[in-house]
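# Examining the three-dimensional arrangement
Chain residues, written in single-letter form:
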Amino acid sequence: MNKKIIYSGIQPTGIITIGNFIGAISNWLKMQDDYDCIFGIADLHALTVRQVPAEYRKRALSFFAQYIACGLDPEKSILYFQSHVAEHAELQWILNCFTYIGEMQRMTQFKDKAAKHADNINMGLLDYPVLMAADILLYQTSLVPVGIDQKQHLEITRDIAVRFNNLYSPTFTVPEAYIGERGAKIYSLREPGQKMSKSDPDPNAAVSIIEDADVIMKKFMSAVTDSDTVVRYDPENKPGVSNLMVIMSEMGGLGIQEIERLYGDKGYAVFKRACGEAVVERLKPIKAEYDRLMSDKDYLMAVARDGAERARRLARRTLNKVKRKVGLVEQ
Ligand code: TYM
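Residues numbered from 1 in each chain as written. Predicted model: local features only at pLDDT ≥ 70, side-chain atom pairs only at ≥ 80, totals over all residues. Heavy atoms only, no water.

If you check the shell around the ligand, you find 27 residues, and the closest are Tyr-128, Asp-135, Gly-147, Asp-149 and Ile-186. Within the backbone of Gln-11, an N or O atom sits 2.9 Å from an oxygen atom of the ligand. For the ligand, whose free accessible area comes to 710 Å², the fraction covered by protein is 98%. Secondary structure elements with two or more residues in the shell around the ligand: strand 1 (5-10), helix 1 (18-31) and helix 6 (123-138). Grouping the constituent residues of the shell around the ligand by class yields 12 nonpolar, 10 polar and five charged. (Near = heavy atom within 4 Å. Polar contact = N/O pair within 3.5 Å; in protein donor to acceptor, adjacent residues only side chain to side chain. Areas by Shrake-Rupley, 256 points an atom, 1.4 Å probe, with all protein chains shown as cover. Helix = DSSP H or I, 4+ residues; strand = E, 2+ residues; numbered from the N terminus. Nonpolar A, V, L, I, M, F, W, Y, C, P; charged D, E, K, R; others polar.)

Next comes the structure, spelled out in structure tokens:
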């Protein structure tokens, strides 16, 4: 590999939403030709909350199929399951010894999740960012395309990398977050002040990228807006409408100003329908390809095995270097 390396991933919880698509996957698609990209299904991460094993296995495979259906190309990028590459957990252990408990306790996602799962504040929840750092640092990643909610995890990854490099000698590439200008945070269709979350208990709050067209339309038609009637981009005073405008722009390709010009005075019903239709159109080929892929599990597993093998080769290189530097006896 000689191009810059990109790494990113999604946890197989809930559904892959149009928020994940706009905030992360659409940027991954743009990067495939210019960089060496590695995209994992972060299935060890999602064990930090209780999963029903049979459902979990199915969902992880479904997410993998959705990666490919979106246009991530196994010929260009490495696509794999995190749990298939044992080096992630091994590097995490070593990095744990270079990370302070206080740093982890200050993470906003830890605080949020601990509040949400008060009966299961396990070590994994606290240690989650170190596993994420291991994911990224194992591959000498330069850029990590994510939504804004992962920014803090990227900062701690950088801190850990710099700390290790300073203690020993340059070992890890210090990665940077790549966060899109717009769409880095897509909001809930029901509560425009909240992030669109893949595991929101309200099914109308988020839209899956493999949702049926009629369900997508219903969700957009019932999206929360405001008591005004004007379609204008004003995130502060019109968060619901502005969120829909960003979604429409990112999914349909129209600029924000163009949307204002076309729908400004047409009323919300017309605008919401157009927004829903833009999303349906963008997702239609993805859904068709997803259905096709899910009927070919052998192909999916062959891609996963090949991806894991390629990932493992790269991961081994970094891990061996790290083990040598910290003074472990070489085999
Ligand atoms: P996860 O699974 O919560 O989300 C996957 C990606 O989608 C982005 N995202 C959003 N972007 C815009 N609007 C939203 N409403 C929205 N919701 C989510 C996230 O920022 C993310 O980019 N810890 C990670 C997974 C992970 C990872 C990694 C990422 C594990 N290892 C290494 C990068 C590198 C997570 O939970 O993302």
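After that view of the structure, there is still more to cover.
Evaluation of the coordinates by the stated rule reveals one cavity of 30 Å³ or more. Taken as a whole, the largest cavity holds about 50 Å³ of empty space. Considering the residues around the largest cavity, the lining is formed by Gln-109, Phe-110, Lys-113, Leu-125, Tyr-128, Pro-129 and His-153. Taken together, the elements giving at least two residues each to the lining of the largest cavity come down to helix 5 (108-116) and helix 6. Here the lining of the largest cavity is built from residues that sort into four nonpolar, two polar and one charged. (1 Å grid on protein atoms, 1.4 Å probe; cavity = no way out; pocket = protein on both sides within 12 Å on 5 of 7 lines; lining within 4 Å. Points joined across faces, edges and corners; volume = space filled by probe spheres on them.)

This part is about the pairing of strand 2 (residues 36-41). Taking burial as the measure, the six residues of strand 2 include six buried ones, the bulk of the element. Side chains Asp-36, Ile-38 and Gly-40 project from strand 2 onto one buried face, and the interleaved Cys-37, Phe-39 and Ile-41 project onto a second face that is buried too. With six bridges joining them, strand 1 and strand 2 adopt parallel strand pairing. Bridge pairing in strand 2 links Ile-5 to Asp-36. Crossover strand 1 to strand 2 through helix 1 is right-handed. As defined by bridge partners, strand 2 adjoins strand 3 (residues 78-81) across four bridges and the pair is classed as parallel. (Buried < 20%, exposed > 50% of the residue type's maximum accessible area, 1.4 Å probe, protein only. Pairing = 2+ DSSP bridges. Right-handed = clockwise from strand over helix to strand, strands pointing away.)

In this structure the tally under the stated criterion is 10 aromatic pairs. Arranged with centres 6.1 Å apart and planes meeting at 50 degrees, the rings of Tyr-263 and Phe-271 form a pair that is tilted. When its relative accessible area of 0% is taken as the criterion, Phe-271 is described as buried. Through pairs of rings, three or more aromatic residues link up here, namely Phe-98, Phe-164, Tyr-168 and Phe-172. (Phe/Tyr/Trp six-rings, centres within 6.5 Å; stacked < 30°, edge-to-face > 60°.)

Let us look at unusual backbone geometry. Its identity as a non-glycine residue notwithstanding, Gln-140 has a phi of 55 degrees, on the positive side. Within the element layout of this structure, Gln-140 appears in the loop between helix 6 and strand 4 (143-145).

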